[in-house]
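Here is how the chains run, residue by residue.
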Amino acid sequence: MEESRFLRVCLGQPSDSTPVWFMRQAGRYLEEYRRLRERYGMLELCRTPELAAEVTLQPIRRFDLDAAIIFADILLPLDAMGVRFDFARGEGPVIEKPVRTPRDVRDLLVEGAESRLDYVYRAIDIVRSKLPSRTALIGFAGAPFTVASYMIEGGHSRHFAATKLMMYEQPDTWDLLMRKISQVTTRYLLKQIEAGAQVVQLFDSWVGCLSRQDYLDFVFPYSRSILSEIRKTAIPVIHFGTGTSTFLDVMHQAGGSVLGVDWRIELQDVWKWLGRGVVLQGNLDPVALLAPKDMLRERVNRILDQAQGHAHIFNLGHGILPQTPLDNVEVVVELIRKRALER
Ligand code: CP3
């Protein structure tokens, strides 16, 4: 019998309570994180296994969460592939020389890239040795579309124009880029699993900027190739995106044991659409965590009502915001535990 309720639900088995964790649960809304950040840069935290392990455990000490997610970033593989970047204060990631031409894509390093991310595997090993067995450890990577979009745009983007134009104007270059990222991502996730990750999440945070047809033509084959390789390990995979309500069916077909859903669609509608047996993760609006407590409780209750009798992992529809009050996080976790006792 699996000890972790999070793993049980990922595998479609019953559990005593809805498992709960929060995307980006380690981060700036925690004062102990902000204190560490006064002394260390974001990349320094990621690249020092003892520090990354400490940050991973911070939210676990505060809240009764069912899973920890290893402290890292979806952009770390860029560096391992020869693309340099940094996190500029208040601006998010900045890529030194964006990847735009066939030459840029040919120059990307694939062989041995996963070995240059060794610090992540060491952090996973440390965290697993410190976590109680009921708390699952999640590894992760960015999905090829979202990672490619950062490489091409050079940072965050509103319209993803350069990314879409590479698809439309240079389909062979796009194909090579996506194959290279997919290969590195597959090996990176397998190494995380080897190091002790019990579940992995593939973050396709920005794929919702695409039409359904562009998703099918330019993204689906690559995400599917990663997900089918990981499937061979029998480790559950959470396939996550935002803004994907119009093509959740094809994302689900691409693979993954759990489908991540954001707040733009009701969970009950997704179960009606994709089948009642599908395991869903989500889908509270991160902004609801800033709302008055009564409204917050009402929204959590609504999600739990819809999820009754289904396999469901409670989470936000996207990452927790830095201005989130800690007592509101506590309200959500307590409510989930209270509802479990009543059922
Ligand atoms: O607790 C956790 O969830 C684990 C750590 C984690 C981070 N990034 C740490 C981080 C995870 C899972 C990520 C994933 C990530 N990174 C995504 C996918 C999830 C999502 O939110 O869509 C994306 C798109 C990124 C890229 C990224 N990293 C951006 C755009 C930024 C800057 C904006 C921001 O949110 O701060 C980062 C920086 C980053 N990654 C921080 C953290 C804690 C903030 C760094 C700081 O302390 O200043």
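Quick note: structure is the one above.
Residues numbered from 1 in each chain as written. Predicted model: local features only at pLDDT ≥ 70, side-chain atom pairs only at ≥ 80, totals over all residues. Heavy atoms only, no water.

Participant: Would you mind going over the packing of aromatic side chains in detail, with residue names and values included?
Facilitator: This model, assessed by the stated rule, comprises ten aromatic pairs. For the pair phenylalanine 203 and phenylalanine 240, a centre-to-centre distance of 5.6 Å together with 75 degrees between the ring planes defines the contact as edge-to-face. Of the two residues, phenylalanine 203 is situated in strand E5 (residues 199–204) and phenylalanine 240 in strand E6 (residues 237–241); the sequence distance between them amounts to 37 residues. Overall, the relative accessible area of 12% leaves phenylalanine 203 in the buried class. Taking relative accessible area as the criterion, phenylalanine 240 reaches 1% and is therefore assigned buried. Residues tyrosine 215 and phenylalanine 220 carry aromatic rings whose centres are separated by 6.5 Å and whose planes lie at 80 degrees to one another, so their mutual orientation is edge-to-face. The buried category is assigned to tyrosine 215, whose relative accessible area is 0%. Owing to a relative accessible area of 11%, phenylalanine 220 belongs among the buried residues under this scheme. Members of the aromatic cluster, each reached through a chain of ring pairs, are Phe140, Phe203 and Phe240. (Phe/Tyr/Trp six-rings, centres within 6.5 Å; stacked < 30°, edge-to-face > 60°. Helix = DSSP H or I, 4+ residues; strand = E, 2+ residues; numbered from the N terminus. Buried < 20%, exposed > 50% of the residue type's maximum accessible area, 1.4 Å probe, protein only.)

Participant: Give a description of the side chain of threonine 185 that names residues and reports values.
Facilitator: Topologically, threonine 185 is positioned in helix H10 (residues 171–195). At 2.6 Å, the side chain of threonine 185 and the backbone oxygen of isoleucine 181 are in polar contact. Residues within four places of threonine 185 in sequence aside, it is in contact with Ala141, Gly142, Leu202 and Ile226. (Polar contact = N/O pair within 3.5 Å; in protein donor to acceptor, adjacent residues only side chain to side chain. Contact = heavy atoms within 4.5 Å.)

Participant: Residue-level account of the side chain of aspartate 249, with values.
Facilitator: By secondary structure assignment, the location of aspartate 249 is in helix H13 (residues 248–254). Not counting the four nearest positions on each side in its chain, aspartate 249 is found in contact with Arg212, Trp273 and Leu274.

Participant: Explain the site of the ligand residue by residue, including any values.
Facilitator: The local shell around the ligand holds 22 residues, among which Arg28, Tyr33, Arg37, Ser205 and His318 are the closest. In this structure, an oxygen atom belonging to the ligand sits 2.6 Å away from a side-chain N or O atom of arginine 37. For the ligand, a nitrogen atom lies 2.7 Å from a polar atom in the side chain of aspartate 73. Protein burial of the ligand: of its 870 Å² of free accessible surface, 88% is covered by the chains. Of all the elements in the fold, those that place two or more residues in the shell around the ligand are helix H2 (31–39) and strand E3 (92–95). Class assignment for the residues of the shell around the ligand results in 14 nonpolar, four polar and four charged. (Near = heavy atom within 4 Å. Areas by Shrake-Rupley, 256 points an atom, 1.4 Å probe, with all protein chains shown as cover. Nonpolar A, V, L, I, M, F, W, Y, C, P; charged D, E, K, R; others polar.)

Participant: Explain the pattern of salt bridges residue by residue, including any values.
Facilitator: Within the structure shown, the criterion is met by 23 salt bridges. We note a salt bridge from arginine 179 to aspartate 175, for which the minimum N-O separation is 3.0 Å. You can see arginine 179 and its partner aspartate 175 sitting in helix H10, four residues apart, about one turn around the helix. The exposure class of aspartate 175 is partly exposed, given its relative accessible area of 25%. (Salt bridge = Lys/Arg side-chain N within 4 Å of Asp/Glu carboxyl O.)

Participant: How would you explain the sheet that holds strand E4 (residues 136–142) if you had to name every residue and give the values?
Facilitator: Read across the open sheet, the seven strands follow the order E1-E4-E5-E6-E7-E8-E9; overall the sheet is parallel. On the outer flanks of this sheet lie strand E1 (67–69) and strand E9 (312–316), each paired with one strand and no other. Ignoring which end each strand starts from, the neighbouring axes of this sheet average 25 degrees apart. Packed on one face of the sheet, helix H12 (residues 220–231) meets E5 and E6 and runs near 160 degrees to E6. (Pairing = 2+ DSSP bridges. Axes fitted to C-alpha atoms, helices over the stretch in contact; angles between N-to-C directions.)

Participant: Quick one: what's the story with the nonpolar core, residue by residue and with numbers?
Facilitator: If you look at the biggest cluster of nonpolar residues, it comprises 131 residues, and the most contacted ones within it are Phe6, Phe22, Trp174 and Leu177. Element by element, the count of residues in this core is highest for H10, at eight residues. Not counting residues up to four positions away in its chain, the partners in contact with leucine 177 are Val105, Leu108, Ala148, Met151, Ile152 and Met166. (Core = buried A, V, L, I, M, F, W, Y, C linked by side-chain atoms within 4.5 Å.)

Participant: Tell me about the pairing of E6, residues and numbers included.
Facilitator: Burial within E6 is extensive, with five of its five residues counted as buried. Side chains Val237, His239 and Gly241 of E6 all project onto a buried face; the interleaved residues Ile238 and Phe240 project onto the opposite face, where all are buried too. In the sheet, E5 pairs with E6 via five bridges, with the strands oriented parallel. Paired with leucine 202 across the bridge in E6 is histidine 239. Each parallel crossover has a hand, and the one from E6 via H13 to strand E7 (residues 258–260) is right-handed. (Right-handed = clockwise from strand over helix to strand, strands pointing away.)

Participant: An account of the environment of alanine 234 is needed here, citing residue identities and associated values.
Facilitator: Inspection of the secondary structure assignment puts alanine 234 in the loop between H12 and E6. Since its relative accessible area comes to 60%, alanine 234 is described here as exposed. For the pair alanine 234 and serine 149, spaced 85 residues apart in the sequence, the C-alpha separation amounts to 29 Å.

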